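Remarks on the overall topology
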Amino acid sequence: MFEVTVEAGFSSGHYLRNYRGKCENPHGHNYKVFVTLVGEKLDEAGMLLDFKLLKQVMRPTVDYLDHFMINDLAPFDKEINPSAENLAKYFYEQTSSQLHEMTGGRVRVKDCTLYETDTSFARYYE
């Protein structure tokens, strides 16, 4: 198996519903997200996926969240809390759907890791 990982960053605000503590109030983070791909076969150029292409796949999701109050954006505007766990899952789902189309299933998302701070992160995988 082969793996490749790309990092992206964005800055956003959020607050947690159904939570008691400081994080129930609006506040912001400088997020880092790492998307790791996995696959058994390389392409004709000897790559699982060009890092540049993976960055392009991640870009729409990063741009959607960057410098916004995440609670104002679907699907986080109703019942889904914009926790690090749910944001990691969101990146996983958004990236997976694009990659499946792009590679015909040859490459899949292994996991998405989202750092909310330098020392705290959540990871989602299936």
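None of these values were measured; they are calculated from a predicted model. (Residues numbered from 1 in each chain as written. Predicted model: local features only at pLDDT ≥ 70, side-chain atom pairs only at ≥ 80, totals over all residues. Heavy atoms only, no water.)

A few words now on the packing of helix 1 (residues 51–65) against helix 2 (residues 84–103). Interhelical geometry of helix 1 versus helix 2 gives an angle of 140° and a closest axis separation of 10 Å. Regarding the angle of helix 1 to helix 2, the classification is oblique. For the crossing formed where helix 1 meets helix 2, the hand is right-handed. Residues Leu53, Leu54, Val57, Thr61, Val62, Tyr64 and Leu65 of helix 1 pack against Leu87, Tyr90, Phe91, Gln94, Thr95, Gln98 and Met102 of helix 2. Tallied by class, the residues present in the contact of helix 1 with helix 2 amount to 10 nonpolar, 4 polar and no charged. (Axes fitted to C-alpha atoms, helices over the stretch in contact; angles between N-to-C directions. Helix = DSSP H or I, 4+ residues; strand = E, 2+ residues; numbered from the N terminus. Parallel < 35°, antiparallel > 145°, perpendicular 65-115°, else oblique. Left-handed = near helix turned anticlockwise from the far one by under 90°. Contact = heavy atoms within 4.5 Å. Nonpolar A, V, L, I, M, F, W, Y, C, P; charged D, E, K, R; others polar.)

With that settled, the discussion passes to the UniProt feature "active site" (unreviewed entry) in the chain. When the UniProt feature table is mapped onto this chain numbering, "active site" (unreviewed entry) sits at Cys23, His67 and Glu116. As for its position among the elements, His67 is in the loop between helix 1 and helix 2. Ignoring sequence-local partners within four residues, the contact set of His67 consists of Ser11 and Ser12. On the secondary structure map, Glu116 appears in the loop between strand 3 (108–115) and strand 4 (121–124). (UniProt positions renumbered as here; feature names shortened; annotations may be inferred.)

Across the sheet, 4 strands lie side by side as 1-2-3-4; this open sheet has antiparallel pairing. In this open sheet, the two edge strands, each paired with only one partner strand, are strand 1 (2–14) and strand 4. With strand direction ignored, the average angle separating the axes of adjacent strands in the sheet is 20°. Note: strand 1 against strand 2 (residues 27–39), 13 bridges, orientation antiparallel. Directly across from Gly9, in strand 2, lies its bridge partner Lys32. The strands touched by helix 1 within the sheet are strand 1 and strand 2, with strand 1 carrying the most contacts at an inclination of about 20°. (Pairing = 2+ DSSP bridges.)

The next point concerns the UniProt feature "binding site: Zn(2+)" (unreviewed entry) in the chain. The sites that UniProt annotates as "binding site: Zn(2+)" (unreviewed entry) are His14, His27 and His29. A maximum C-alpha distance of 8.3 Å is found for the annotated residues, which run over 16 residues; spatially they form one tight group. Within the element layout of this structure, His14 appears in strand 1. The contact partners of His14, leaving out residues within four places of it in the chain, are Asn25, Pro26, His27, His29, Tyr31, Met69, Ile70, Asn71, Pro82 and Glu116. Following the sequence through the fold, His27 ends up in strand 2. The partly exposed category is assigned to His27, whose relative accessible area is 22%. The residues contacting His27, other than those within four sequence positions of it, are Ser12, Gly13, His14, Tyr15 and Lys22. (Buried < 20%, exposed > 50% of the residue type's maximum accessible area, 1.4 Å probe, protein only.)

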